[in-house]
Amino acid sequence: MKIVVLVKQVPDSGSERSLRADDGTVDRASASNVINEMDEYAIEEALKIAEAQGGEVTLLTMGPDAATESIRKALSMGPDGAVHVTDDALHGSCALGTSKVLAAALRTLEFDLVLCGAESTDGRTQTMPHMLAERLGVPALTGARKLTVEGSTLTVERQTDEGYEVVQATGPAIVSVWDTINEPRYPSFKGIMAAKKKPIATKSLADLGVEAGEVGLAGATSKVLSSAKRPARSGGQKVEDSGNGGADLVAYLSAEKFV
Amino acid sequence: MTDRVTPQELLALDSLLTAEEAAFADSVRRLVGDVVRPHVAQWYETGVTPVRDLARELGKLGLLGAHLTGYGCAGVSAVAYGLSCLELEAGDSGVRSLVSVQGSLAMYAIWKYGSEEQKQEWLPRMAAGEAIGCFGLTEPDHGSDPAGMTTRAVRDGDDWLLTGTKMWITNAPVAELAVVWAKVDQGVTGFVVPLDLPGVTVNEIHNKLSLRASATGELVFDRVRLPASAQLPEARGLKAPLSCLTEARYGIVWGALGAARDCLETAIDYTTTRTQFGRPLAGFQLTQAKLADLTLEYQKGWLLAHHLGRLADSGQLKPEQVSVGKLNNVREAIAIARTCRTMLGANGISGEYPIMRHANNLESVLTYEGTSEVHQLVIGQKLTGLSAFA
């Protein structure tokens, strides 16, 4: 089975993140950049399938040259190789532009299954699997908390606010996963050493036949007009118990979707 | 408040590491965070540690015999191996001891001095954590003076009969095999001894007030019959076990810093949040003086360990240089732990915080693999040309 995993390098959500003053894009230069956390679950799922059924796992990343560092880290978990789409013209691409590029890259690869994280910790649009499925004409099974592969039949438990839905498709298909699906492995010492020697194929927009003007800031369909820092944390809401504290607490938690 | 850095970040120590070395350390730190930290206080309190399960987890990552090559071992650099020891000991010295004894003592002895058959039989399983090894050199009456050992092996036809007692043996109660050093007519030699053989008794040592998250035992051999193939063919004389000790000591040079770092981080966290006399403890000059001095020693120790690691990776590391590292870094680590304890006040003695556990563990680390005094004598002899051992 040939599996492609979409991997994005993002600024570490655990540290200070900001937007650039000049064009409103994510400031990558001053950030500590890491693999998007949810993507590690997608990689783990791909590795588990490949280990159980045989197959090949390829990573696909679109991002600046410096994303190579994150690709090597992702490869140290065990995938066989990676494709890195990098081009100066990609800077500032919107979700639609990104999907155009990733779809073009996927057309150059053979795949039975594309796995990705359900969202990235920077953009958080959750739209990529749908857009790619539309462009490639394949089914999208999104928000999986469980994935079963039997032949070309893919069965997913799709996490919802209330519970889960069981949905099925015939591959090739795109599956996005939440962090409930598995527990990603740590890169082993051998994995880290092997990652150095694994192939990373670099592709430019020209290699993929995508016009520079269709992507990047120039071709973006959405634009950051202004941004402001999140206000400092306030004291929070105190629930006083004057007889109906329990009900108030449940009402609050349920309004915030904690329960 | 102005921008803060950790003791590790203050001198940008990590800038001396390759991306690969940093990745090794990162994996070990994550593993320790998941499988050691949440449980270690309880292991220490009860004196019961699931060593076998832990060994498999460590083996999966490649931590067992990580610096050895072939036979299922990862073959990482000395610096990477040292960083692993640091991260493990930031969890607990007992966990690092498990890895040191498995990799640097038992596996290294077989890897360096064993026959091809012995290597094939044991090393892959030991690297995976499926077989646990221990190292029998110290005896009840012979610690710093291993040359005085009384354990003997005598020929009986082609076989050997092994008799003697080994004491303070890390991993012994959970081990499948021991590398045992014994006197024969030609001097000291080593044997690979499966511990399920008739005549072998393993007694667990209880009532330890240090390294409680580590299994320690006594090995008693009463005319244990060993085939000729049990002997380590390349081990001739006491320098063989001493070379294993140099390997393990090198890991301790780094490891002790892990315990120190955990104490420092705990103390910084505590004193910046604990308020006395109307402000955080860390806002008082006496606290800052302690934190600054301890951080200096941590950093100097790290730079020393890193220097020894680079020497090892270029094949130049000498035993007396490892003595410098062990003497300094363990001595400073225990001083750091004790001073951090004072900054936590009464909480410092509580098992809720790791500091007293680290301090107690480091008492053992100060003594095993060559006491501080032995390392002073090694360095003294190198400086003066005079032996003051006896």
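Details of the structure are given in the entry above.
Residues numbered from 1 in each chain as written. Chains lettered and ligands numbered in written order. Predicted model: local features only at pLDDT ≥ 70, side-chain atom pairs only at ≥ 80, totals over all residues. Heavy atoms only, no water.

**Student:** What exactly am I supposed to notice about the overall build of chain A here?
**Tutor:** Helix and strand counts for chain A come out as eight helices and 11 strands. Expected size for 259 residues packed as a compact globule is a radius of gyration near 18 Å; at 20 Å, chain A falls within 12% of this value. In chain A, which comprises 259 residues, the proportion classed as buried is 43%. Long-range pairs, those at least 24 residues apart, make up 72% of the contacts in chain A between residues at least 6 apart in sequence. If you sum the accessible surface of chain A, you get close to 13,700 Å²; carbon and sulfur atoms cover 49% of it. Taking the average place of the 27 positive charges on the side chains of chain A and the average place of its 36 negative ones, the gap between the two points comes to 3 Å. (Helix = DSSP H or I, 4+ residues; strand = E, 2+ residues; numbered from the N terminus. Rg over C-alpha atoms; globule rule 2.2 N^0.38 Å. Buried < 20%, exposed > 50% of the residue type's maximum accessible area, 1.4 Å probe, protein only. Contact = heavy atoms within 4.5 Å. Areas by Shrake-Rupley, 256 points an atom, 1.4 Å probe, with all protein chains shown as cover. Lys, Arg positive; Asp, Glu negative; His and termini not counted. Charge placed at Lys NZ, Arg CZ, Asp CG, Glu CD.)

**Student:** Got a minute to help me understand the interface of chain A and chain B in this structure?
**Tutor:** Note on interface size: it is often stated as the accessible area lost on association of the parts. Facing 10 residues of chain A, the contacting portion of chain B comprises 19 residues. When chain A packs against chain B, close to 1,300 Å² is buried across both sides, 63% of that on carbon and sulfur atoms. One can count two salt bridges joining chain A with chain B. Of the charged contacts in the structure, one is a salt bridge between A:Lys196 and B:Glu20, with a shortest N-O distance of 3.1 Å. (Buried area = accessible area lost by both parts, 1.4 Å probe. Salt bridge = Lys/Arg side-chain N within 4 Å of Asp/Glu carboxyl O.)

**Student:** How do you make sense of a nonpolar patch on the surface when you look at a structure like this?
**Tutor:** On the surface, a nonpolar cluster with roughly 240 Å² of combined accessible area is contributed by B:Leu11, B:Leu16 and B:Leu303. Within the fold, B:Leu16 resides in the loop between helix H1 (7-10) and helix H2 (19-46). (Patch = residues over 30% accessible without salt bridge, like charges linked within 9 Å, V, L, I, M, F, W, Y side chains within 5 Å.)

**Student:** Just checking my understanding: could you explain the packing of aromatic side chains for this structure?
**Tutor:** Centre-to-centre distance and the angle between the planes together describe a pair of aromatic rings. All names here are of chain B. What the rule picks out here adds up to seven aromatic pairs over all chains. Seen from their ring centres, Tyr-270 and Tyr-353 are 5.6 Å apart, and the 90° between their planes marks the pair as edge-to-face. Linking Tyr-270 in helix H7 (residues 239-273) with Tyr-353 in the loop between helix H9 (319-343) and helix H10 (355-367), this pair joins segments that are 83 residues apart in sequence. Using a relative accessible area of 8% as the deciding quantity, one classes Tyr-270 as buried. Ring centres 6.3 Å apart and planes at 80° place the aromatic pair Phe-277 and Phe-284 in the edge-to-face group. Phe-277 sits in the exposed class, given a relative accessible area of 77%. (Phe/Tyr/Trp six-rings, centres within 6.5 Å; stacked < 30°, edge-to-face > 60°.)

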